[in-house]
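Listed below, chain by chain, are the residues.
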Amino acid sequence: MLLEETLKQIRPLDRSIERVAQERLDSLTKPQGSLGKLEELARRIAVIQEKVPPQLGGKLLFVFAADHGITQEGVSAYPKDVTAQMTYNFLNGGAAINVLARHYGVDTEVVDVGVDYEFKDASGLRNRKLRPGTANFARGPAMTRDEAIRSVELGIELAREAATANIFLLGAGDMGIGNTSSATAILCALTGAAPTDAAGRGTGIDDATLKIKIAAIQKGLDVNQPDANDPIDVLAKVGGLEIGAITGVILGAAAYRIPMVLDGFISGAAALLAQRFNPLVRDILFASHLSAERGHQLMLDQLKLAPVLDLEMRLGEGTGACLLMGLIEASVKIIGEMATFESAGVKETLS
């Protein structure tokens, strides 16, 4: 199985590179540590790549689209049809992620992994549909175990392709009405958190709808009894097809040593699943921002990751990841392109 083979390829990072990277940063024409988190980003990239200075390349962000049967419970402010409509918006270049990706020079690839709609010859869309949306997990499993494995392996395949294309940074965004319910259910299943503490307002639901959402998630957990020690079981019972695909991209990125930038709440759920497969995946993950979605901080605490940005965003699509990709690229340019004290003829300290 591709999943098993990929997990075997994930190995610890060589931490000795960190010292070499720090020496390089300290030799640059600036007071030591004066660029703060930018220096930390550059140092981490150097360790992942095992290169000082790190090598630049392409920035690629997948946007995975899929529908969720849990919308039948009335958990969202938007109807399910919006998933397909927004997918067309991505393809036409009109979404927020398109604007940010153009600004930061990030390539995007829109992947239909499970939209309940047949796109006819949609230009630019990658059709990898596994099924037309998940089932309603409040009434039974969201998908079969085999479908869950296939969704993860799809993401691994895409990461493997990226590894052969000089990709410097990977990211993944999402589009799927109802997917914050699935992400919340995954968080609760893996950590024991209560839906009342983890469920947020998603697309902007009111108090009455939030109560419905919390009840639906709790019902799904009670009905399915997902096994916290088996990430495939959790994904199959309460997850989403796009969450499975992002999980696979994370695992593939870890196996092929590509820095992976997380977006917000949905990719956070995928990261939790990936961490259960192999805790070493954390070493290649970058938390782009703290989502305004309730429960995201719980995810980051579990992952032991600190978000770089806090812009009160909760859009998804990969928007937060795109922002951090620009900062990471800037940090690598700093460690690679800044003059050293020696090359610039500048004294390091006052005599």
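Look up: the structure comes first, before these words.
Residues numbered from 1 in each chain as written. Predicted model: local features only at pLDDT ≥ 70, side-chain atom pairs only at ≥ 80, totals over all residues. Heavy atoms only, no water.

1. Focus: the sheet that holds strand β1 (residues 58–66)
Okay, so step 1: The six strands lie next to each other as β3-β2-β1-β4-β5-β6, forming an open sheet whose pairing is parallel. Here the strands that pair on one side only, and so sit at the sheet edges, are β3 (125–127) and β6 (285–287). Neighbouring strand axes in the sheet, compared pairwise and without regard to direction, differ in orientation by 30° on average.
Okay, so step 2: Examined bridge by bridge, β1 and strand β2 (residues 107–114) share seven bridges and lie parallel to one another. Bridge pairing in β2 places Phe 64 opposite Val 111. (Pairing = 2+ DSSP bridges. Helix = DSSP H or I, 4+ residues; strand = E, 2+ residues; numbered from the N terminus. Axes fitted to C-alpha atoms, helices over the stretch in contact; angles between N-to-C directions.)

2. Let's talk about the packing of helix α10 (residues 231–238) against helix α12 (residues 265–277)
Okay, so step 1: As a packed pair, α10 and α12 sit with axes 9 Å apart at the nearest point and diverge in direction by 150°. On the basis of their axis angle, the class for α10 and α12 is roughly antiparallel. Only Leu 273, Arg 276 and Phe 277 of α12 make contact with α10, whose side of the interface consists of Pro 231, Ile 232, Val 234 and Leu 235. (Parallel < 35°, antiparallel > 145°, perpendicular 65-115°, else oblique. Contact = heavy atoms within 4.5 Å.)

3. With respect to helix α5 (residues 96–104)
For an α-helix, 3.6 residues make a turn, and residues three or four places apart therefore share a direction.
Okay, so step 1: Considered for burial, the residues of α5 that qualify are Ile 97, Asn 98 and Ala 101. Seen end-on, α5 carries its buried residues on one side only, within an arc spanning 100°.
Okay, so step 2: In the stretch just after α5, Gly 105 is the one whose phi turns positive, near 70°. (Buried < 20%, exposed > 50% of the residue type's maximum accessible area, 1.4 Å probe, protein only. Arc of directions from axis to C-beta.)

4. Considerations on the nonpolar core
Okay, so step 1: In this structure, Phe 64, Leu 170 and Ile 250 are the most contacted members of the largest nonpolar core, which totals 118 residues.
Okay, so step 2: In contact with Leu 170, not counting residues within four places along its chain, are Leu 60, Phe 62, Ala 159, Ala 162, Val 249, Ala 253, Ile 258, Pro 259, Met 260, Val 261 and Met 325. (Core = buried A, V, L, I, M, F, W, Y, C linked by side-chain atoms within 4.5 Å.)

5. Concerning the pattern of salt bridges
Okay, so step 1: Evaluated as defined, the whole model comprises 18 salt bridges.
Okay, so step 2: Among the salt bridges present, the one from Arg 15 reaches Asp 283, with a minimum N-O distance of 3.2 Å. Of the two residues, Arg 15 is situated in the loop between α1 (2–9) and α2 (16–26) and Asp 283 in the loop between α12 and β6; the sequence distance between them amounts to 268 residues.
Okay, so step 3: Residue Arg 15 is classed as partly exposed on the basis of its relative accessible area, which comes to 44%.
Okay, so step 4: The residue Lys 129 makes a salt bridge to Asp 112 at a minimum N-O spacing of 2.6 Å. Here Lys 129 is found in the loop between β3 and α6 (145–163), whereas its partner Asp 112 is found in strand β2, with 17 residues between them in sequence. (Salt bridge = Lys/Arg side-chain N within 4 Å of Asp/Glu carboxyl O.)

6. Observations regarding the side chain of Asp 283
Okay, so step 1: Residue Asp 283 is classed as buried on the basis of its relative accessible area of 15%.
Okay, so step 2: For Asp 283, the residues in contact, after removing those within four places along its chain, are Leu 13, Arg 15, Arg 44 and Ile 48.

7. Details of the packing of aromatic side chains
Okay, so step 1: Summed over all chains, the structure comprises four aromatic pairs.
Okay, so step 2: Measuring from ring centre to ring centre gives 6.0 Å for Tyr 88 and Tyr 117, while their planes differ by 80°; the resulting arrangement is edge-to-face. Of the two residues, Tyr 88 sits in helix α4 (residues 82–91) while Tyr 117 sits in the loop between β2 and β3, which places them 29 residues apart along the sequence.
Okay, so step 3: For Tyr 88, a relative accessible area of 30% corresponds to the partly exposed category.
Okay, so step 4: Exposure remark for Tyr 117: the relative accessible area of 37% places this residue in the partly exposed category.
Okay, so step 5: A centroid spacing of 5.1 Å and a plane angle of 70° characterise the contact between Tyr 88 and Phe 119, whose relative ring orientation is edge-to-face. On the criterion of sequence distance, the pair formed by Tyr 88 in helix α4 and Phe 119 in the loop between β2 and β3 is long-range, its members being 31 residues apart.
Okay, so step 6: By relative accessible area, Phe 119 is classed as buried at 12%.
Okay, so step 7: The structure contains a cluster of three or more aromatic residues connected by ring pairs, namely Tyr 88, Tyr 117 and Phe 119.
Okay, so step 8: One residue, Arg 44, lies across the ring of Phe 286, its end atom 4.0 Å from the ring centre. (Phe/Tyr/Trp six-rings, centres within 6.5 Å; stacked < 30°, edge-to-face > 60°. Lys NZ or Arg CZ within 6 Å of the ring centre and 35° of its normal.)

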